[in-house]
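Per-entry structural report
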Amino acid sequence: MRALVYDGPGKREWRETPDPRIIDETDAIIGVNTTTICGTDLHILKGDVPAVTPGRILGHEAVGIVEAVGSAVTTIRPGDRVLVSCISACGRCRYCREGMYGQCLGGGGWILGHLIDGTQAEYVRVPFADTSTFAIPAGVTDEEVLMLADIGPTGYEVGVLNGHVRPGDVVAVVGAGPIGLSAIMGAKLFSPAHVVAIDLADSRLEAAKRVGADVVVNATHDDALEVVRGLTDGLGADVAIEAVGVPGTFEQCAALVRPGGTVANVGVHGKPATLHLEDLWIKDVTITTGLVDTYSTPTLLRLLSSRQLDLGQLVTHHFHLDEFMDAYEVFANAADTQALKVVLTARS
Ligand SMILES: NC(=O)c1ccc[n+]([C@@H]2O[C@H](COP(=O)([O-])OP(=O)(O)OC[C@H]3O[C@@H](n4cnc5c(N)ncnc54)[C@H](O)[C@@H]3O)[C@@H](O)[C@H]2O)c1
Ligand SMILES: [Zn+2]
Ligand SMILES: [Zn+2]
């Protein structure tokens, strides 16, 4: 088969590699119909994720058809159409039993395209297939479901649910990339009074408006704090969702939140951020953070199916799998190409 292989910092190639095969009895081999690129793949390519070693096939998001299953797999069969989630789950360890699959102790967690070969390939081996794939309801497209492999549950769980968004809230979302946009769509499910999107790029703010933000702030020339205070009688946002991953935006969220509110950090931080406890302690502020678990994926599948959620809007570019090198160029140059999610599909 062919796959997108990481060859060390800055190097990647779409090339011939051995076909994956069943190793453990709980494995499945999935023929990839459609896959995508995540911002995390760009971090890997910069060399920021040393656990990813040269020779690794990247990718942790896919929709495809089950080709083969190991002898212990009971809930999916060859021919089934499934979502391959960014998080694999052994289903048995303490964390899996508590729904915290991201922290799986039994060999799962974020492993695809990280510790084992991933989904940017014609075929992928998925361990713990019964508990790491999802059957797809009729009436939803592969492309829509693909958005639930990572960005859908990340924005919803780590942003909206950790942030305890409630009806009538003013929700500030800092960073309107795919994750921030997904958080905006998830927040809208709870009928907030206002969703304020804050970014530095007008194109991203336009996308934020399309997916439901009613107020947008370009922080290069406008003061987000002033805007949020203006909407909240000077109090601040009920929930501030951090979806960038730099110290400044975390600190900005801590400044934007009202007393008694929640800062939900979604961004992956490469550097320490300052926690201003001297200001926060007296404000009863809750701060949450986390790796996505994907416990919400079944809920999000139903919401897609019932047309209450349209994550397919985030797809901006289409390629075939053999155009992977070009797709990376387009995704990595989002400022020029205005890419949000690029979707790669097998040629039929
Ligand atoms: N917690 C998790 O499980 C999890 C999972 C996936 C991704 N993430 C993280 O979520 C974050 C967002 O992911 P993404 O794919 O949307 O990233 P992205 O880079 O596409 O989007 C980030 C957005 O933030 C904006 N931005 C940058 N600096 C800013 C500033 N100072 N003020 C306001 N906006 C600013 C950018 O213009 C961009 O639109 C990343 O840190 C990513 O690693 C976390
Ligand atoms: Zn990802
Ligand atoms: Zn587990």
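Now for a quick tour of the structure. (Residues numbered from 1 in each chain as written. Chains lettered and ligands numbered in written order. Predicted model: local features only at pLDDT ≥ 70, side-chain atom pairs only at ≥ 80, totals over all residues. Heavy atoms only, no water.)

1. A closer look at the coordination of the zinc ion (ligand 3)
For clarity, the threshold we go by: Shown as donors are all N, O and S atoms within 2.8 Å of a metal ion, widened to 3.2 Å for Na, K and Ca; because water is not in the atom set, sites may appear incomplete. Every geometry call rests on angle ranges, with four donors termed tetrahedral when all angles are between 85 and 135 degrees, four termed square planar and six termed octahedral when opposite donors are over 155 degrees apart and all others are between 65 and 115, and everything else termed irregular. When accessible area is computed with a 1.4 Å probe and restricted to protein chains, residues below 20% of their type maximum are described as buried, those above 50% as exposed, and intermediate ones as partly exposed.
Around the zinc ion (ligand 3), the protein supplies Cys90 (SG), Cys93 (SG), Cys96 (SG) and Cys104 (SG) as donor atoms, at distances of 2.3 to 2.4 Å. Considering all 4 donor atoms around the zinc ion (ligand 3), angles at the metal cover 102 to 118° and the coordination shape is tetrahedral. Between consecutive donor residues of the zinc ion (ligand 3), the sequence gaps follow C-x2-C-x2-C-x7-C. The same class applies to Cys93 and to Cys96, which are both buried.

2. Remarks on the packing of helix H1 (residues 39-46) against helix H12 (residues 324-332)
Quick reminder of the rule: Lines fitted to C-alpha atoms define the axes, with helix axes restricted to the stretch in contact, and inter-axis angles between N-to-C directions lie between 0 and 180 degrees. A run of H or I in DSSP counts as a helix once it spans at least four residues, and a run of E counts as a strand once it spans at least two, with each numbered from the N terminus. Roughly parallel covers angles under 35 degrees, roughly antiparallel covers those over 145, roughly perpendicular covers 65 to 115, and oblique covers all other angles. In this analysis, two residues are considered to be in contact whenever any of their non-hydrogen atoms come within 4.5 Å of each other. Here the nonpolar group is Ala, Val, Leu, Ile, Met, Phe, Trp, Tyr, Cys and Pro; Asp, Glu, Lys and Arg are the charged ones; every other residue, Gly included, is treated as polar.
At a minimum axis distance of 11 Å, the contact between H1 and H12 shows a crossing angle of 100°. One finds that H1 runs roughly perpendicular with respect to H12. Residues Gly39, Asp41, Leu42 and Leu45 of H1 touch H12, and the partners they reach there are Tyr328, Phe331 and Ala332. Here the contact of H1 with H12 is built from residues that sort into 5 nonpolar, 1 polar and 1 charged.

3. Remarks on the sheet that holds strand E8 (residues 170-174)
This is how the line gets drawn: Paired strands are those between which DSSP finds at least two bridges.
If you trace the 6 strands from one edge of the open sheet to the other, you get E10-E9-E8-E11-E12-E13, paired in parallel fashion. Each end of this open sheet is capped by a strand with a single partner; those strands are strand E10 (215-218) and strand E13 (286-289). Neighbouring strand axes in the sheet, compared pairwise and without regard to direction, differ in orientation by 15° on average. For strand E9 (residues 194-199) and E10, the ladder comprises 4 bridges, and the chain directions are parallel. Looking at E10, one finds that Ile198 is bridged to Val217.

4. Topic: the coordination of the zinc ion (ligand 2)
Metal coordination angles have textbook ideals: 109.5 degrees for a tetrahedral set of four donors and 90 or 180 degrees for an octahedral set of six. Looking at the zinc ion (ligand 2), one finds its protein donor set to be Cys38 (SG), His60 (NE2) and Asp150 (OD), positioned 1.7 to 2.2 Å from the metal centre. Read N to C, the donor residues that coordinate the zinc ion (ligand 2) are spaced as C-x21-H-x89-D. Residue His60 is found in the loop between H1 and strand E4 (62-69), and its partner Asp150 is found in the loop between helix H4 (142-146) and helix H5 (151-161); the two are separated by 90 residues along the sequence. Just as His60 is buried, Asp150 falls in that class too.

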